[in-house]
Amino acid sequence: SIFILGHLGLLSVLYTLPIRLNRKTLTLRKINWLKNILISYVWAITSAALPVIVNSRSVSQVPVWLITANFIFIYMLIIPFDIRDSIADKKLNLITPVTYFGLKRIKLVGLVLALFHCLIIYFFAVKPDVKLVLFTNIIYLLLLYKSKPELHEYFFTFLCDGLILLLSFMVLMN
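Residues numbered from 1 in each chain as written. Predicted model: local features only at pLDDT ≥ 70, side-chain atom pairs only at ≥ 80, totals over all residues. Heavy atoms only, no water.

1. Brief notes about the overall build of the protein
Part 1 of the reasoning: Each helix and strand in the protein was counted, giving eight helices and two strands.
Part 2 of the reasoning: In the protein, the order of α-helices and β-strands from amino to carboxyl end is α-β-β-α-α-α-α-α-α-α.
Part 3 of the reasoning: Relative to the compact-globule value of 16 Å for 174 residues, the protein shows a C-alpha radius of gyration of 17 Å, a close match.
Part 4 of the reasoning: Principal-axis analysis of the C-alpha atoms places the extent of the protein at approximately 50 × 40 × 25 Å.
Part 5 of the reasoning: Within the span of the protein, comprising 174 residues, buried residues form 38% of the whole.
Part 6 of the reasoning: Carbon and sulfur atoms make up 71% of the accessible area of the protein, which amounts to about 10800 Å² in all. (Helix = DSSP H or I, 4+ residues; strand = E, 2+ residues; numbered from the N terminus. Rg over C-alpha atoms; globule rule 2.2 N^0.38 Å. Buried < 20%, exposed > 50% of the residue type's maximum accessible area, 1.4 Å probe, protein only. Areas by Shrake-Rupley, 256 points an atom, 1.4 Å probe, with all protein chains shown as cover.)

2. Describing the pattern of salt bridges
Part 1 of the reasoning: For the coordinates displayed, the defined rule picks out six salt bridges.
Part 2 of the reasoning: Across the pair Asp89 and Arg29 runs a salt bridge whose closest N-O atoms are separated by 3.7 Å. Linking Asp89 in helix H3 (residues 64-91) with Arg29 in the loop between strand S2 (24-26) and helix H2 (34-54), this pair joins segments that are 60 residues apart in sequence.
Part 3 of the reasoning: Among the ionic pairs, Glu153 bridges to Arg84, the shortest N-O distance being 2.9 Å. In this pair, Glu153 sits in helix H7 (residues 153-160) while Arg84 sits in helix H3, placing the two residues 69 residues apart along the sequence.
Part 4 of the reasoning: Under the relative-accessibility criterion, Glu153 is labelled partly exposed at 38%. (Salt bridge = Lys/Arg side-chain N within 4 Å of Asp/Glu carboxyl O.)

3. Remarks on the packing of aromatic side chains
Part 1 of the reasoning: The full count for this structure, using the stated rule, is seven aromatic pairs.
Part 2 of the reasoning: Between Tyr122 and Phe123 the ring centres are 5.1 Å apart and the planes differ by 80°, which places this aromatic pair in the edge-to-face class.
Part 3 of the reasoning: For Tyr122, a relative accessible area of 42% corresponds to the partly exposed category.
Part 4 of the reasoning: Judged by its relative accessible area of 58%, Phe123 falls in the exposed class. (Phe/Tyr/Trp six-rings, centres within 6.5 Å; stacked < 30°, edge-to-face > 60°.)

4. Structural notes on the environment of Thr157
Part 1 of the reasoning: Looking at the element boundaries, Thr157 is found in helix H7.
Part 2 of the reasoning: Residue classification places Thr157 among the partly exposed positions, given a relative accessible area of 31%.
Part 3 of the reasoning: C-alpha separation for the pair Thr157 and Ile74, spaced 83 residues apart in sequence, amounts to 14 Å.

5. Thoughts on the nonpolar core
Part 1 of the reasoning: With 31 residues, the main nonpolar core has Phe73, Met76, Ile79 and Tyr140 as its most contacted residues.
Part 2 of the reasoning: Phe73 has contacts with His117, Thr136, Asn137, Leu163, Ile164 and Leu167, leaving out every residue within four places of it along the chain.
Part 3 of the reasoning: The next biggest cluster of nonpolar side chains, apart from the first, holds nine residues, and it includes Leu8, Val42, Ile45 and Val52. (Core = buried A, V, L, I, M, F, W, Y, C linked by side-chain atoms within 4.5 Å. Contact = heavy atoms within 4.5 Å.)

6. A few points about unusual backbone geometry
Part 1 of the reasoning: The phi dihedral of Arg23 is positive, around 70°, even though this residue is not glycine.
Part 2 of the reasoning: Tracing the chain through its elements places Arg23 in the loop between strand S1 (19-21) and S2.
Part 3 of the reasoning: Judged by its relative accessible area of 81%, Arg23 is exposed.
Part 4 of the reasoning: Notably, Trp33 is not glycine yet its phi reads approximately 70°, a positive angle.
Part 5 of the reasoning: The residue Trp33 is located in the loop between S2 and H2 in this model.
Part 6 of the reasoning: On the accessibility criterion, Trp33 (32% relative accessible area) is partly exposed.

Right, here's the structure in full:
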């Protein structure tokens, strides 16, 4: 439990903390391709393992499918933010999924991830959860389709980030 929380905390700090290497200063966020993976990993483990740890259970009781589904869900939600940041990332020569695939193809990647997310939930989760995830993923796909770099910050902060709260609320109310 301490190792799980400790390494997640360390990764979170190193994500923004500047590291000096050979006269260059960088953060983990500015390493090509790493940003989305790190954010998804930290959120997936935290959201799956923390409730187990709080209930004094062994972390080994966290199902792998749940961590995988959470990872995919968070990775999906990062794509609109990558779209928002794509102009700045190009100026920094930072390779992210959006700068690599382009706007049209990354939206297709988001669609494929949403399908995988639904399939994982369908085959492994409690069946009423499938409808909730499907509903949330449909909203996600609408937001993804509308995503452009020039949209207002509120679109990303309230609508895209709000999907995490929406899904959590719907699962709790179910």
